[in-house]
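One letter stands for each residue in the lines below.
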Amino acid sequence: MESLITAAARALEAGDPLGALNRVALRIDAPSLALRGIAMAQLGDLPKAKALLRSAARAFGPREAVARARCVVAEAEIALVSRDLSWPVKTLTAARATLDKHGDLANAAHAGHIEARRLLLVGRLDEAESTLAELSPASLPPASQVVRELVIAGIAIRRVRTKDARAALDRAASAARQANIPALVAEVESANLVLDTPAARLITRGSEHPLLLGEVERLATSTALVVDTFHHAVRRQGRIVSLGTRPVLFALARLLAQAWPADVSRETLIAGAFRAKHADESHRARLRVEIGRLRTELKTLADISATKQGFVLAPRKTHDVIVLARPVEEKHAALLAFLSDGEPWSSSALALALGMSPRTVQRALEQLAGSGKVQSFGRGRARRWMTPPVPGFPTGLLLPGPLLKT
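Quick notes on the rules
- Each chain carries its own residue numbering, running from 1 in the written order of its sequence.
- Since the coordinates come from a predicted model, pLDDT governs what is reported: local features require at least 70, and pairs of side-chain atoms require 80 or more to be given and counted, while whole-chain, interface and lining totals use all residues.
- Calculation of side-chain values draws on the structure's entire complement of heavy atoms; hydrogens and water are dropped beforehand.
- Each helix is a run of DSSP H or I of at least 4 residues and each strand a run of E of at least 2, with the numbering of both proceeding from the N terminus.
- Accessible area is worked out with a 1.4 Å probe on protein chains only. A residue is then buried under 20% of its type maximum, exposed over 50%, and partly exposed in between.
- Contacts are residue-level and defined by heavy atoms, with any inter-residue pair within 4.5 Å sufficient.
- Each accessible area is a Shrake-Rupley result for a 1.4 Å probe, and residues are judged covered by the shown protein chains and nothing else.
- Residues counted as positive are Lys and Arg, residues counted as negative are Asp and Glu, and His and the chain ends are not counted.
- Lys charges are placed at NZ, Arg charges at CZ, Asp charges at CG and Glu charges at CD.
- In this scheme Phe, Tyr and Trp rings, the latter by its six-membered ring, pair at centre separations within 6.5 Å, and the angle between planes marks the pair as stacked below 30 degrees, edge-to-face above 60, and tilted otherwise.
- The rule is short: NZ of Lys or CZ of Arg within 6 Å of the ring centre and within 35 degrees of the ring normal puts a charge over the ring.
- We call two strands paired when DSSP finds no fewer than two bridges between them.
- Axis lines are fitted through C-alpha atoms, for helices just across the contact stretch, and the angle between N-to-C directions can take any value from 0 to 180 degrees.
- Residue count minus one, scaled by 1.5 Å, sets the expected span of a helix.
- Along the arc lie the directions from the helix axis toward the C-beta atoms.

Draft legend 1. Layout of the overall build of the chain. Of regular secondary structure, the chain possesses 18 helices and 11 strands. Taken along its principal axes, the extent of the C-alpha atoms in the chain is 90 × 45 × 30 Å. Within the chain, the fraction of its 406 residues that count as buried is 47%. For the chain, the share of sequence-separated contacts (at least 6 apart) that also reach a separation of at least 24 residues comes to 57%. In the form shown here, the chain has an accessible surface area of approximately 20400 Å², with 54% of it arising from carbon and sulfur atoms. Charged side chains of the chain number 56 positive and 39 negative; the gap between the two group centres comes to 5 Å.

Draft legend 2. Structural detail: the packing of aromatic side chains. Scanning the model with the defined rule gives one aromatic pair in all. With centroids separated by 5.5 Å and ring planes inclined at 70°, the aromatic side chains of Phe 338 and Trp 345 adopt a geometry described as edge-to-face. In this pair, the class of Phe 338 matches that of Trp 345, namely buried. Above the ring of Phe 311, the side-chain terminus of Arg 266 is found at 5.1 Å from the ring centroid. The ring of Phe 274 is capped by Arg 286, whose NZ or CZ atom sits 4.2 Å from the centre of that ring.

Draft legend 3. Representation of the sheet that holds strand S2 (residues 207-211). Strand order in this open sheet of six strands is S2-S1-S9-S3-S4-S5, and the pairing throughout is mixed. Every interior strand has two partners, whereas the edge strands, S2 and strand S5 (239-242), have only one. In this sheet, adjacent strand axes meet at a mean angle of 20° when their direction is disregarded. As paired elements, strand S4 (residues 233-236) and S5 share four bridges and run antiparallel to each other. From the neighbouring strand, Val 234 faces S5, where its bridge partner is Val 241.

Draft legend 4. Expanded view of unusual backbone geometry. A cis amide bond links Trp 260 with the next residue in sequence, Pro 261, at an omega value of 10°. With respect to the secondary-structure elements, Pro 261 resides in the loop between helix H13 (247-259) and strand S6 (264-265). A positive phi angle is found at Val 160, which is not glycine, with a value near 55°. By the secondary structure assignment, Val 160 is in the loop between helix H9 (142-158) and helix H10 (162-179).

Draft legend 5. Molecular detail of helix H15 (residues 281-297). Between its terminal C-alpha atoms H15 stretches 25 Å, which fits the 24 Å expected from 17 residues at 1.5 Å a residue. When H15 is considered as a whole, its buried residues turn out to be Leu 287, Glu 290, Ile 291 and Leu 294. The buried residues of H15 occupy an angular sector of 110° when projected down its axis, which confines them to one face. Buried residues along H15 sit in contact with H13, helix H14 (266-274), strand S7 (302-306) and strand S8 (310-315).

Draft legend 6. Focus on the sheet that holds S8. In space, the three strands of this open sheet follow the order S6-S8-S7, with antiparallel pairing throughout. Whereas interior strands pair on both sides, the edge strands pair on one side only; in this sheet they are S6 and S7. Lying on the sheet, H15 is in contact with S7 and S8; it crosses S7 at an angle near 155°.

Draft legend 7. Spatial organisation of the pairing of strand S3 (residues 225-228). The alternating pattern of S3 places Leu 225 and Val 227 and Val 226 and Asp 228 on opposite faces, both of which are buried. As paired strands, S3 and strand S9 (residues 321-325) are joined by four bridges and run parallel to one another. Among the inter-strand pairings, Val 227 is bridged to a residue of S9, identified as Val 323. Here three bridges tie S3 to S4, and the two strands are oriented antiparallel to one another. Paired with Asp 228 across the two strands is Ala 233, which belongs to S4. Taken together, S3 and the strand that follows it, S4, pair antiparallel across an intervening segment of four residues, in which His 232 is found at a positive phi of about 50°.

Structure representation (structure tokens):
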């Protein structure tokens, strides 16, 4: 009978869950329950997989700490795939320590990769990188090498380092071919699409065109004055003025930059920055105050001059002004970016990933659902939200990290 367990484990390692189930489907011993759980996870039945793995963990005896730890790691991966970000991370850390202590280095590394993938998902890039640094890639099997390289690529994409991302994805593709698991090959191919999908729009002199991530990266060394809608900042090379806490000032800066080198009428600025349908003298007075504040903020990068009709932006030390805009202009673009990965998310998981309050996320989801952009299923705590990928929008936030001064 142990030969069946070994054969089932090898089938799972080769990405053949049906072959594994053919060998252990009728068995209820602890190893068979664990293998059935992993097989069901590979087939996409995550609730059944979780129940089987928990049953297996209870069935293993007190001296089988390694086997129980492996079940915990498998359950942690299911939680990650199902976007259950509230799953206790300390439990995974303890399981990883157990596996490492007993010499199961491959599964300990796998647990570390799950930790890193979760940290990447919620935007904690430094911690994800630190977790990877603790894991030696020397003795990893090809499947684990794929996961590692995908995490490295994800970190590089979030930091807008396309050269590093392509190198990691090339290594991931090579390892996926060695592993000969179709699902891994498909995952690498999907990740590669991010680099060839428009990540932003460039608006200048009244026209716009899409930008790939590599083109966005090259803007960091451009001499142009850039109004960056991802980070709500105005910058030129290493000089940055953040307007993230000044939405009115940023709205004015964007309107002026989009019209440059032409001026913008006072009525257009009032409507765009203050959302006022009809401008009166109080709006014009407020506009003068806000333009004065913006002029002070941008004094090292640009001047703002009054014209007969309104105001015009005059950049310093450059002859080019551009607006770096999101590929899709949507009030809840960050929320849609997470949902566009095609996985079902709970509102609490989205709140954790976005760093927002659960109620704020819930209100946003209800607005998106009202406009038909997202849909939900289930009730109460089991309620999940999802949407098909947005055309032309990368699956994942490409520019969520802090914009640091240099």
